[in-house]
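Close look at the chain arrangement
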Amino acid sequence: MKKIITLSIITSSLILAGAYKVPEQSLNSMALGAAYVANTQGADTAYFNPANMAFMPSSQYMEAGFTWAHLPKNTFKGFQAYSATEIYPATNESEVENLQLPFLHYVSNPIDKFRWGASLTVPGGLTKRWTDGHQKVFAEEFTLKILELNPVASYKVSDNFAIGGGLRLIYSEGIVNSDGGAIKPIKREMQGDTIEFGYNLALSYRPIKDVSLSVTYHSNIDLKEEGEANLYLSNVGKQYDTSVTVPLPAALNLSASKTFMDKYTLEVNYERTYWSAYKELDFNYGSDIQPALRDSFDKSKPRKWKDTHTFRVGVSAEVTKGVTLMAGYAKDESPVQKKYLSYELPDADANIYSAGIRVQSNKNLSWGLAYLHDEKDDITLKAGENITGISGTFSNGGADLIALSMQYEF
Amino acid sequence: MKRQTRAMALSIPLLLVMGCGELDQPKNEEVKGGKVVVNFSAPLMKKTLMSKGVVDENRTVFGYKAFKIPYITTDESGDEVEASGLFVIPIGLPPKLNQIGLSMVSDDHGTIFSNNDAPSVIGENNGTPDGSAIILTSIGGFATLQADYIGFGDSNDHYHPFVQKESLANATIDFIKTVKIFASDNGIKLNNQLFITGYSEGGYAAMATLQKIEEERELNVTMATPMAGPYDLNITAFGVLSAPTLSVPSFMAYVGYAYATTYNKELSSIINEPYASKLPTLLDGSLARPDIDKELTQTTTGTEGLFNPLLVQDFFKNSNNWFREAMVENSVHAWSPQTPIRLVHCQGDDVIPFEISQLTEGTMKAMNAKDVSIVPVEVALGLDTNVTHSECGVMAYKVTTEIFSKAREAMIKQALIEQMSRE
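Residues numbered from 1 in each chain as written. Chains lettered and ligands numbered in written order. Predicted model: local features only at pLDDT ≥ 70, side-chain atom pairs only at ≥ 80, totals over all residues.

Considering the overall build of chain A
Our working rule: Counting from the N terminus, the helices are DSSP H or I runs at least four residues long and the strands are E runs at least two residues long. In this treatment the radius of gyration is a C-alpha quantity, and the globule benchmark scales as 2.2 Å times the residue count to the 0.38 power. Each residue is classified by how many other C-beta atoms fall within 10 Å of its C-beta atom, where C-beta atoms are placed from the backbone; a count of 20 or more means buried, 12 or fewer means exposed, and values in between mean partly exposed. By the convention adopted here, residues make contact when the C-beta atoms placed from their backbones lie within 7 Å.
Looking only at helices and strands, chain A has four helices and 25 strands in total. The C-alpha radius of gyration computed for chain A amounts to 22 Å, which stays within 12% of the reference 22 Å derived for 410 residues, consistent with globular compactness. Judged by the C-alpha coordinates and their principal axes, chain A covers about 70 × 40 × 30 Å. Relative to its 410 residues, chain A shows a buried fraction of 54%. Relative to all contacts within chain A whose residues are 6 or more apart in sequence, the contacts with residues 24 or more apart total 69%.

Right, here's the structure in full:
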């Protein structure tokens, strides 16, 4: 039976900002390089810091937008070793990806000290396609699509202290294809999906006017993609029930903001992402697979990612009445260790630069545009350094994103 | 509140597009009457065999394409059984050989206990070339036919009638007939040559098959090379039951279980307890030989032995003993074959003595067989030392492939001469 419809329309996949987690989920967030946590003000408060909903003026808020992402070719120059004597030139380029990601946020009117909101976002995902060469043996396509519905609530404990939290409802799809082609007579087609649950917590403290301090936490969610896999040996395939689990890791954000002269705001953010939850990539099958395929498709592949630190700073300025300019910078650490790096995600440390504009058209409506450039460092693997047998340099990783959004207050 | 409801409704269309079906089934080559389970090209096959040291760079190696084919056969009771087998063809033959068509070798497999060891099951589960078909097909260039036998493959729910000539012959002959239709339906060109072989139980099955083919006269066999089979079951049983211990108790337990089932006898009248109660489970096709052997005793008979002493005593004394009669009835050494037969056997065989083949050759010649002779494997390969039953298998197949190749070569030369004269 053909897969009926997938999330490709609304949740195409993206590699950005530390492996496959995507923190930028609104206009302000993208324009401020995801430093936007302590000083959230619009409907996206529901997602980034639900505790702050308690401090928002009485009204309803909504934001809807799209992000267009362009992922350039990832270039690899080097060699692939299958054994000590089987070493082949493997210089190659991955496919360009052009993707569209939606986001939708809503914050309700307060009900006494309570308030609720909800967000529909794409909090993570990745796609990497190598259509030929040795890379195709490992990752012809590796796609993880994630869609999150996040209903949240806040409680105003006092005039300067609030707490919030919510439920994370995750729908995810995974596609894993690899094809040995003329190199190895093996091929895999796998797709699966899952619905998982998690939670998020937030607290916000405003010790003095114009200063906000926040702590937010998103729980780890193991995405157990369950579906089918077609495994081929020399053009003869069999189908197996299969599952594979990858984590959407927990993340702790410590944030602060200071507003000057009611016009200028400085925001800083530190994020600790607990990527160490991703220990291995281990496909499980409903029955024994063919012995000749076990090494390639059944043997657990260690990933052993490490927890990461990300530092972000964002500034915004209301330059004229109703027009706000924003800019951001982030230093993003990759969780991937060289020893365990693989073609499906040759991630590296990155510098992220962003800018944006928000225009208040009238009392209720505003709109904006944001741009973000993710500049990945080159990453070089020396011979013998990597367990997959990769030696060489990955370069040109990164992404360019443009977000267009509309906010409505009523 | 109304406005809130409207706002949230905006998210509903997004949720509606979620949903997921199933992955399409693998896109395998479609064939009529079976399915492809292994498909190794000639270069891949050569690379594989070279990596294992089986061939060198200069050796011609053909690809290996195997089909699992279901078919209907009949058991010892005459009841229809849905069975299966493996049909293996060489890929990458020279065009002139393709024009002449493939010579068929019906290769009956040796004793197996686990269903996972049946030819079509190995092919389907592993997806890789296996066993004697590699020698016969990828090195020899023959089309190899391997019936799973009743009790294995698609008929795994049926007991296996171990060393019982009627069902083994039926399973093999019906598979040969089915493969001919399959080949015709799928554009696989076969020539008129049909060779029959098999090792150990397969050697016995090959002989039973040849005997039945000659009785029925529906198929023509070019040559048969039964290898190391217990053709005279009565003599074999006398030898085994008179020995104090059984080197491989599972073999004789298998005989006892299969014959008790076919001949409607209480299993405990042949096999002592607690073994009799264990055998239906031990022999259900889920276990391999080592796991079965450790559940049995190596003592042949007596109160602590495997075989019921009452049966054994009666077997030796009474020529009308049912088990003895069954052994005689199922022996395949005493008839007069008109097809050339080469009895391939290792002189050092420690399970099926070489003398069984000598006895068979002598008996058949005495009964006016047309062309029967023994081929000692050690002599054919110029070996200095004798070879045991388990080590002999691969060598015996090499000898058989050589014998069949010579017979095919003569046919090919004749066909090419006829072709040239027509041109």
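Things to note about the overall build of chain B
Of regular secondary structure, chain B possesses 17 helices and nine strands. When the backbone C-alpha atoms are referred to their principal axes, chain B occupies close to 100 × 70 × 40 Å. Here chain B, with 423 residues, has 48% of them falling under the buried criterion. By sequence separation, contacts in chain B at least 24 residues apart represent 75% of the contacts at least 6 residues apart.

Comments concerning the domain arrangement of chain B
All names here are of chain B. Put simply, the rule is: Delimitation of the domains relies on an automatic or database domain assignment. Residues are grouped as follows: nonpolar covers Ala, Val, Leu, Ile, Met, Phe, Trp, Tyr, Cys and Pro; charged covers Asp, Glu, Lys and Arg; every other residue, Gly included, is treated as polar.
Taken domain by domain, chain B comprises domain 1 (35–232 + 333–422) and domain 2 (235–328). The distance between the C-alpha centroids of domain 1 and domain 2 comes to 29 Å. Every contact between the two is made by 18 residues of domain 1 and, on the other side, 16 residues of domain 2. Residue composition of the side of domain 1 that touches domain 2, by class: nine nonpolar, seven polar and two charged.

Some points on the nonpolar core
Residue and element names in this part refer to chain B. Put simply, the rule reads: Residues of type Ala, Val, Leu, Ile, Met, Phe, Trp, Tyr and Cys that are buried and joined through C-beta atoms within 7 Å form what is called a nonpolar core.
If you look at the biggest cluster of nonpolar residues, it comprises 201 residues, and the most contacted ones within it are F87, A253 and A396. Residues lining this core come from more than one domain, with at least three contributed by each of domain 1 (35–232 + 333–422) and domain 2 (235–328). A253 has contacts with I271, Y275, L279, L296 and L306, leaving out every residue within four places of it along the chain.

Overview of the sheet that holds strand β9 (residues 372–376) of chain B
Paired through backbone hydrogen bonds, the strands of a sheet run either parallel or antiparallel to each other. All names here are of chain B. Put simply, the rule is: Pairing between strands is defined by DSSP: at least two bridges between them are needed. To obtain an axis, a line is fitted to C-alpha atoms, over the contacting stretch when the element is a helix, and the angle between two such axes runs from 0 to 180 degrees between their N-to-C directions.
Taken in spatial order, the nine strands make up an open sheet running β1-β2-β3-β5-β4-β6-β7-β8-β9, and their pairing is mixed. Here the strands that pair on one side only, and so sit at the sheet edges, are β1 (35–40) and β9. Mean inter-strand twist for the sheet, computed between neighbouring axes without regard to direction, equals 20 degrees. As judged from the six bridges shared by strand β4 (residues 102–108) and strand β6 (residues 190–199), these two strands associate in the parallel manner. Directly across from D108, in β6, lies its bridge partner G198. The sheet contacts of helix α7 (residues 165–185) involve β2 (63–74), β3 (80–91), β4, β5 (143–147) and β6, and relative to β2 the element is tilted by about 120 degrees.

Overview of the pairing of strand β24 (residues 390–395) of chain A
Residue and element names in this part refer to chain A. Pairing of strand β2 (residues 75–81) with β24 involves six bridges; the strand directions are antiparallel. Bridging across to β24, G78 finds its partner in G392. Bridge count between strand β23 (residues 379–381) and β24: three bridges; the pairing is antiparallel. Residue I379 lies in a different strand from β24, and its bridge partner there is F394.

Considering the packing of α7 of chain B against helix α8 (residues 201–216) of chain B
Residue and element names in this part refer to chain B. Defined as follows: These descriptions rest on fixed angle ranges, namely under 35 degrees for roughly parallel, over 145 for roughly antiparallel, 65 to 115 for roughly perpendicular, and the rest for oblique.
Running from amino to carboxyl end, α7 crosses α8 at an angle of 75 degrees, the nearest separation of the two axes being 8 Å. Judged on the interaxial angle alone, α8 and α7 are roughly perpendicular. Contacts between α7 and α8 involve K165, L168, A169, T172 and I173 from the first element and A205, A208, T209, K212 and I213 from the second. Of the residues contributing to the contact of α7 with α8, the split by class is six nonpolar, two polar and two charged.

Description of helix α10 (residues 249–262) of chain B
All names here are of chain B. Keep this limit in mind: Each residue after the first adds 1.5 Å to the expected span of a helix.
Its 14 residues place the ends of α10 20 Å apart at the C-alpha level, agreeing with the 20 Å of an ideal helix rising 1.5 Å per residue. Most of α10 sits out of view: 13 of its 14 residues are buried. Just past α10, the residue N264 takes up positive phi, approximately 50 degrees.

Some details on the pairing of strand β8 (residues 341–345) of chain B
The two faces of the sheet receive side chains in turn, since in a regular strand these alternate between them. Residues and elements named next belong to chain B. The condition is simple: Here is how to tell: hold the view so the strands point away, follow the path from the first strand over the helix to the second, and if it runs clockwise the crossover is right-handed.
Among the five residues of β8, five are classified as buried, and the element is accordingly described as predominantly covered. Neither face of β8 is left uncovered, since the one carrying I341, L343 and H345 and the one carrying R342 and V344 both have all their residues buried. Alignment of strand β7 (residues 223–227) against β8, held across two bridges, turns out to be parallel. Bridging across to β8, A224 finds its partner in I341. Looking at chain direction, β8 and β9 are connected through five bridges and run parallel. Note on β9: the bridge partner recorded for L343 is I374. Handedness of the crossover joining β8 and β9 through helix α15 (residues 354–366) is recorded here as right-handed.

Describing the confidence of the model for chain A
Residues and elements named next belong to chain A. How we decide: Values of pLDDT, which run from 0 to 100, indicate the predictor's confidence residue by residue.
Per-residue confidence for chain A gives a mean pLDDT of 89, with 95% of residues at or over 70. Here strand β7 (residues 125–129) stands out as the least confident element of chain A, with mean pLDDT 80; strand β11 (residues 211–218) is the most confident, with 96. Here residues 1–17 is a poorly scored stretch, pLDDT under 50, and it has 60 contacts once near neighbours within four places are set aside; other chains count.

What to know about the environment of W322 of chain B
Residue and element names in this part refer to chain B. Counting through the fold element by element, W322 comes out in helix α14 (residues 322–330). Measuring from C-alpha to C-alpha, the distance between W322 and L311 comes to 9.4 Å, with eleven residues separating the pair along the chain. Ignoring anything within four residues of it in the chain, the contact list for W322 reads Y263 and K265.

A short note on the packing of helix α6 (residues 132–139) of chain B against helix α17 (residues 389–422) of chain B
Residues and elements named next belong to chain B. The following threshold applies: For any pair of crossing helices, the crossing counts as left-handed if the nearer helix is rotated counterclockwise from the farther one by less than a right angle, and right-handed if it is rotated clockwise.
The N-to-C vectors of α6 and α17 enclose an angle of 25 degrees; their axes lie 9 Å apart at closest approach. Relative to α17, the element α6 is oriented roughly parallel. Note that α6 runs across α17; the crossing there is right-handed. Judged by residue contacts, S132, I135, L136 and I139 of α6 engage Y397, K398 and T401 from α17. Residue composition of the contact of α6 with α17, by class: four nonpolar, two polar and one charged.

Overview of the environment of D117 of chain B
By secondary structure assignment, the location of D117 of chain B is in the loop between β4 and α5 (119–126). If sequence neighbours within four positions are ignored, D117 of chain B has contacts with I112 and I122 of chain B.

Considerations on α5 of chain B
Residue and element names in this part refer to chain B. Among the eight residues in α5, six count as buried, and that is most of the element. Within α5 the residues assigned to the buried category are P119, S120, V121, I122, G123 and E124. Buried residues along α5 sit in contact with β1, β2, β3 and β5.

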